[in-house]
Amino acid sequence: MKYSIVFSKNETYRITITSSTDDEKKFLEKPISEIKQRVYQYFDQAVKDELGEKASISSIDDDSGFPYEIYAHIALIKDGD
């Protein structure tokens, strides 16, 4: 799967997840309730690699507006939080 991380608003980022293969496309077609845990597993470490150890996926949104695509919102923990 491919992903891109874009600064959103309110100090959050948006990760867009898209499929690279037919199997990944089928995976992303499943209801978010079935795949949420795998999405967290796949991408939480990628988010940390990209944005640092204080970054983590805070929520996953199943209404991206695009077929076979998921939005995940990322939160950055500030020092002192």
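The structure we're discussing is the one just above.
Residues numbered from 1 in each chain as written. Predicted model: local features only at pLDDT ≥ 70, side-chain atom pairs only at ≥ 80, totals over all residues. Heavy atoms only, no water.

Engineer: Tell me about the overall build of the protein, and name the residues and values.
Structural biologist: A count of helical and extended segments in the protein gives two helices and four strands. Mapped from its N terminus to its C terminus, the protein presents α and β elements in the order β-β-α-α-β-β. Taken across its 81 residues, the protein has 28% of its residues classed as buried. Counting contacts in the protein only where the partners sit at least 6 residues apart, residues at least 24 apart contribute 40% of the total. A total accessible area of about 5300 Å² is found for the protein, and carbon and sulfur atoms account for 45% of it. (Helix = DSSP H or I, 4+ residues; strand = E, 2+ residues; numbered from the N terminus. Buried < 20%, exposed > 50% of the residue type's maximum accessible area, 1.4 Å probe, protein only. Contact = heavy atoms within 4.5 Å. Areas by Shrake-Rupley, 256 points an atom, 1.4 Å probe, with all protein chains shown as cover.)

Engineer: Please give an account of the nonpolar core that cites residues and values.
Structural biologist: Formed by 16 residues in total, the largest nonpolar core has its most connected members in I15, I17, I35, V39, I60 and I70. Within the residue set of this core, elements represented by two or more residues are β2 (12-18), α1 (22-29), α2 (32-51), β3 (55-61) and β4 (69-76). In terms of residue count, α2 provides more of this core than any other element does, five residues in total. When near neighbours in sequence (up to four residues on either side) are disregarded, I35 contacts F27, L28, K30 and I70. (Core = buried A, V, L, I, M, F, W, Y, C linked by side-chain atoms within 4.5 Å.)

Engineer: Residue-level account of α1, with values.
Structural biologist: Structurally, the α-helix is built with 3.6 residues per turn, so residues lying three or four positions apart point the same way. For α1, the full list of buried residues reads E24, F27 and L28. Mapping the buried residues of α1 onto a view down its axis gives an arc of 95°, with all of them on the same face. Counted as exposed and oriented over 90 degrees from the buried face of α1: D22, D23 and K26. (Arc of directions from axis to C-beta.)

Engineer: Can you lay out the packing of aromatic side chains for me, pointing to particular residues and giving the numbers?
Structural biologist: Aromatic ring pairs are described here by two measures, namely the spacing of the ring centres and the angle between the planes. Evaluation of the coordinates by the stated rule reveals one aromatic pair. An angle of 75° between the planes, with centres 5.7 Å apart, marks the rings of Y3 and F43 as edge-to-face. One end of the pair, Y3, is in strand β1 (residues 2-7); the other, F43, is in helix α2, and 40 residues separate them in sequence. Judged by its relative accessible area of 5%, F43 is buried. (Phe/Tyr/Trp six-rings, centres within 6.5 Å; stacked < 30°, edge-to-face > 60°.)

Engineer: Hey, could you go over the environment of T12 for me, with residue numbers and the actual values?
Structural biologist: By secondary structure assignment, the location of T12 is in strand β2. Take T12: its relative accessible area is 22%, and that puts it in the partly exposed class. Placed 45 residues apart in sequence, T12 and I57 show a C-alpha to C-alpha distance of 9.8 Å. For T12, the residues in contact, after removing those within four places along its chain, are F7 and I74.

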